Each structure stands twice: as structure tokens, then as C-alpha cells.
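# Chain and residue survey
Residue-level listing of the chains:
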There are 2 protein chains.
Amino acid sequence: MEWVLEQTQRAIKRYRMFDRGDKILVAVSGGKDSLSLWDVLLRLGYNVEGLHINLGIDEKDYSAKSLEFVEKFAAEREGARFQVVDIKAIYGKSLPELARETRRGRKICALCGLIKRHEMNRIAYEGGYAAIATGHNLDDEVATLFGNVLRWQTGYLARQAPVLPSTHPRLARKVKPFCRLYERETAAYALVRGIAYIYEDCPFAKGAKTLFYKDLFNQLEARSPGAKLGFYLSFLQAKEEGLFAEVKERVELRECERCGQPTTAPGLCAFCRLWTE
Amino acid sequence: MEWVLEQTQRAIKRYRMFDRGDKILVAVSGGKDSLSLWDVLLRLGYNVEGLHINLGIDEKDYSAKSLEFVEKFAAEREGARFQVVDIKAIYGKSLPELARETRRGRKICALCGLIKRHEMNRIAYEGGYAAIATGHNLDDEVATLFGNVLRWQTGYLARQAPVLPSTHPRLARKVKPFCRLYERETAAYALVRGIAYIYEDCPFAKGAKTLFYKDLFNQLEARSPGAKLGFYLSFLQAKEEGLFAEVKERVELRECERCGQPTTAPGLCAFCRLWTE
């Protein structure tokens, strides 16, 4: 348990994620990684508040159950404050409703990502948070990295890092303090700390590529222990040495007419367009 | 069958591997890829000769059988000339003998690679060949690429390409005309053309990482058809766009006092040192 605390503290320092005085927003889904991260940051004494985004996923009561785990976690801990953004209450439609109605043929997972990014940026800006911390663990990062490497998406590769700096006042700094911890380590931490969390994957994640990539890397790790960490750390090392340095898409950003967040499109940003289709 | 011919011809042109008049050395192990490549290059009318390196692997009569397949292939085809480099006859030790005696703790596969590279370069130089063609197929390239990506070995990544230009008169140009053909395609080609080849993997390859990586990518390909080709071609594309362009180790090369091939070490090159330990 102490080891997870130490490792997280080290990552925060090593990658200069934030300082003691900073007001940090931790994105909490109700899963093991985000609740463990919240727990660790509280124990380390950081100034952290939770943000839960309720997407209104009815299937298997997924969103309702997720919220319950967040509430339970906070109720059991002194000083564990959090806010909930209820997408349907604010914007009129739940994620599944939106996905059914959208004419743009977007996949629901892409919609979900778009909504979460927008709302995290909005809340961080409105509340003056220094950074948003997410619970991405090493296995998540490795799966993402592999997906990007499979198509050599150099733009994404250039941006994948433990810290994504803010490039605009309305875009929050993003940090991943668990990026060097194996999924089995965060799961063990949650177990030993007695953190109750939603065990199921999101019902829409079934068959997701990232789960498949994780399975491939679990096979690799079983054969070559340390392979995941080596893959990720050597990637960061190569970037530090200048790989991808030239890859910077300089696209002009405007501000969305409705929400003010930066967008490449004229008029409304992709998020705000969702609700006007 | 015509498709394999066309694809090979296209790759030769697309990557400017060699021209009709060039004298090409094709490295033939006796396996499906190299014999198929030899067959295709002969059918396409290129000026090609075979080179077989006999490593003296006794286990399961591997080297003897391999040579037989090469001989059989050549005996059945007009104009299929080849030469054999017999390592034990020339240097006094077979590969397994050398591996047993070497004090440097090298793995036999690394030794094998060292020997083959040196001898291919030697024969190409002595015979005035314009390039050495090897039978590496897409699956081989993907496994190598993945291995290099796993540790982000930017030096190796910078050099992996369908064509490795000659950087010294004693270092042959290397080309891989089958680099965009799936292994199942070269296997099908050999089958339909009635090419007899050694079916077994090298006895020392058992448990080799590349075989494991190939298995991982077969799983990926089964789930996402085209994934292997996409991985390889997008890598080449990213390189064309300048990724890895900065990665150039400028190491000073000397010439080996015995064989004349370039080496970073003073005195003898790694190959020549093998026989003096």
C-alpha cells in the first residue's frame, strides 16, 4: 500500500504534475483506478476534489451504480468532496439517447470521450482548477500507445504523455499520476484499501479494441515480465530525446460561439453541435 | 500466382530496389520465402543468382536438408545458378560449434545473424553484385518492427526499410521485394508453384521472440484484417514524412584489418574476432 503511495508521489514529482497548493480535480468514474487515485491523492494530502460525469447509461444500471460507488467512497472519507455533472439534466439527453439520435454516425465511445473531455475542461475552467487528474494506469497507456503505433498516428503519439499541458485557458492541464502503475497494482490497492468500485466494464466497451490490445499485452507481459513498462518508458524516453518533436500540427483555434472552448471549426464546437442536430 | 509476380514487381519499382541490368544476389535459406523470391525474380527475368550459407546445424539435419531443397530447386530450373558458402569448411567451425565455444556469451541467433550478414556482404562485394535480395515477408517485417517499437529502438527503427542503401563499398545494398506480402501469400505461392522447401523452423528458433510476436499479430490480424499491412505501411509513411530523420548515429567506421569490412572496433571486426577467441 505504501508502495503505491510512493510511486504516485514519485510520478507527480518526476513529471511535475502539480504542487501541494494546487487545486486539483480528479475525474472519478466509480471504477477501481479513479477511486484509488482519489484515495491516494487524499492520503498524500493534496488539495483534490472529485468530478463525476453521469452519462445516463441505463443498460445494467451502469451509470446509477457507478454514481453509488462514488457516493459511498466520499461518504466514508472525511474531506472527500465531489460534484456530479448530470449530462441529461443539463443538456436534455443521456449518452445512449444522443448516440441513437445523432445523424453523424459517431460511435458511442467517441461521443462519450467528446462529452467527458468537454465537461472536464468546462468544470476545471469554471472552478479554477490547476489540473485534472485521471486514473489511467500503465495498461491503459500501453493500449492507447499500441493503438496509435499500429497506425503510426504521429499526432497522437506526440501528445501522449503523463502530462498534457494546457494550450489555452479553457483547456485544462491533464495529468495521469498512475501512468506507471500496472492495472493489477491499482486493483490490488483498491482491494486492500477496501474500496468498493464498479467491477463491470462499461456495457458499450464490450469488444472494444483497447480491451483486445490489453489482452495481447498481457500475453506479452506473461512471457516477458516488464514488457509493458519498458514499452511505455522507452517511448517517453524516445520522446524526450526529440522523437516526434517535429510533429506539431499548428491548426488555428477559434472559440466556440456558445461555450467558449477552443475549436477548429467556425461557429460551434463539436460538443455544442451535438445538441443542435 | 500472377498477383505475387505483380506485387513483387511493384515493390521493386516503388522502392527503387534494382533494375533489369543489375546483378542481384538472392539469399536462399531453403525456406518458402527465399525460394519463392528466387523463383519470382527468375520469372520476372531479373539477373539473379543464389547464395546459400551452410551453417552446419546438425540438429535434425537442418542444414543438410536446407541445402538439399536449394539444390533441388536449382536442378529443376534453367538458369538457376547459386553458390554455397560452407562456414565450417572455410572457417573451421560450424555455427553450433562456435556457439558452444564462444566465451562472449552470445546467443546463437545473434551469432547466426552476424555470420550471415558478414558473408552476404563479402560475397556481394567479391562478386560485384548490385544488391542482396532477401525473402523477408510482411510478417517478418512486422515482427521486427514490433520488437523495435517495444523498446523504441530508434536507431533500428530508422534503418528498417524495404531498401537498406549501401553506406560503404564493402556493405551491400539490401532489398526485400516481399516486404508487403503476407506470409500466407508466400506460402501459398510456394505450394501452388510446387516449390519444395524446408518446412521446419530452425531448431534454435524455438521460443524465439519473433515467433511469439508473429502469433500476437496473427491474433490481431484475425480481429482486424489488414492490421499488419497498415502497421508496416503507416510506419514507412511516417518515416517518409520525416519521423526518425534526426536519428542518425554518426559513428566512425574503420576497416577490419583482416577482412576489410567496416567496423566500429579497432583491429578486427566482430566476425573476424569470432575465429580468434
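For the structure itself, consult the block above.
Let us look at the structure shown here. (Residues numbered from 1 in each chain as written. Chains lettered and ligands numbered in written order. Predicted model: local features only at pLDDT ≥ 70, side-chain atom pairs only at ≥ 80, totals over all residues. Heavy atoms only, no water.)

### Quick notes on the sheet that holds strand 3 (residues 82-86) of chain B
Residues and elements named next belong to chain B. For clarity, the cut-off: Note on pairing: DSSP must find at least two bridges between two strands before they are called paired. For helices the rule is a DSSP run of H or I covering at least 4 residues; for strands it is a run of E covering at least 2, with both sets numbered from the N terminus onward.
If you walk across this open sheet you meet the 6 strands as 3-2-1-4-6-5, and the pairing is mixed. Unpaired on one side and paired on the other, strand 3 and strand 5 (163-164) mark the two borders of the sheet. Pairing of strand 2 (residues 47-54) with strand 3 involves 5 bridges; the strand directions are parallel. Residue pairing for strand 3: I53 is matched across the bridge by V85.

### Structural notes on the pattern of salt bridges
Residue and element names in this part refer to chain A. Keep this limit in mind: By definition, a salt bridge exists where a carboxyl oxygen of Asp or Glu is found within 4 Å of a side-chain nitrogen of Lys or Arg. When a residue's accessible area, from a 1.4 Å probe over protein chains only, is under 20% of the maximum for its type it is buried; when over 50% it is exposed; and in between it is partly exposed.
Applying the stated criterion to the full structure yields 32 salt bridges over all chains. For E119, the salt bridge identified is with R122, shortest N-O distance 2.6 Å. With E119 and R122 both in helix 6 (residues 108-127) and 3 residues apart, this pair spans about one turn of that helix. Side by side, E119 and R122 carry an identical accessibility label, which is buried. When salt bridges with common partners are traced through the structure, they connect D39, K72, E76, R77 and R193 into a single cluster.

### Considerations on the relation of the copies chain A and chain B
Note the cut-off: The copies are overlaid by a least-squares fit using only the C-alpha atoms of residues whose pLDDT is at least 70 in both copies. We call two residues in contact whenever any of their non-hydrogen atoms come within 4.5 Å of each other.
Between chain A and chain B, which share one sequence, the superposing operator has a rotation angle of 180° and an axial displacement of 0.0 Å; the RMSD is 0.0 Å. Considering both components of the superposition, the chain copies are consistent with a two-fold axis. When C-alpha positions in chain A are compared against the rotation axis, the closest is assigned to A:L216, at 3.2 Å. Interface residue correspondence from chain A to chain B reaches 100%, placing this contact among same-surface, isologous pairings.

### A word on the packing of aromatic side chains
Condition: Any two rings among Phe, Tyr and Trp, with Trp reduced to its six-membered ring, count as a pair given centres within 6.5 Å; such a pair is stacked if its planes are under 30 degrees apart, edge-to-face if over 60, and tilted if neither. Any Lys NZ or Arg CZ that is within 6 Å of a ring centre and within 35 degrees of that ring's normal is treated as a charge sitting over the ring.
A complete count under the given rule lists 32 aromatic pairs over all chains for this structure. Ring centres of A:F271 and A:W275 lie 5.7 Å apart, and the angle between their planes is 65°; on these two criteria the pair is classed as edge-to-face. Residue A:W275 is classed as buried on the basis of its relative accessible area, which comes to 16%. Each ring, one from B:Y91 and one from B:F271, has its centre 5.0 Å from the other, and the planes form 85°; the classification is edge-to-face. Of the two residues, B:Y91 is situated in helix 4 (residues 87-91) and B:F271 in helix 12 (residues 270-274); the sequence distance between them amounts to 180 residues. The residue whose ring lies beneath A:R223 is B:F212, and the NZ or CZ to ring-centre distance is 4.9 Å. Above the ring of B:Y182, the side-chain terminus of B:R184 is found at 4.6 Å from the ring centroid.

### Quick word on the pairing of strand 2 (residues 47-54) of chain A
Residues and elements named next belong to chain A. To keep things clear, this is the line we draw: The definition of a right-handed crossover adopted here requires that, viewed with the strands pointing away, the path from the first strand over the helix to the second runs clockwise.
For strand 2, a buried count of 7 out of 8 residues is recorded, marking the element as mostly surrounded by other parts of the structure. Pairing analysis gives 5 bridges linking strand 1 (residues 23-27) to strand 2, with the strands arranged parallel. The partner of L25 across the bridge, within strand 2, is E49. Taking the sense of rotation as the criterion, the β-α-β connection linking strand 1, helix 2 (residues 32-43) and strand 2 turns out right-handed. One crossover worth recording links strand 2 to the parallel strand 3 (residues 82-86) by way of helix 3 (residues 62-75), and it is right-handed.

### Comments concerning the environment of A:L157
Residues and elements named next belong to chain A. Note that L157 resides in helix 8 (residues 154-159). The class of L157 is buried, set by a relative accessible area of 0%. Sequence separation between L157 and L145 is 12 residues; the distance between their C-alpha atoms is 7.1 Å.

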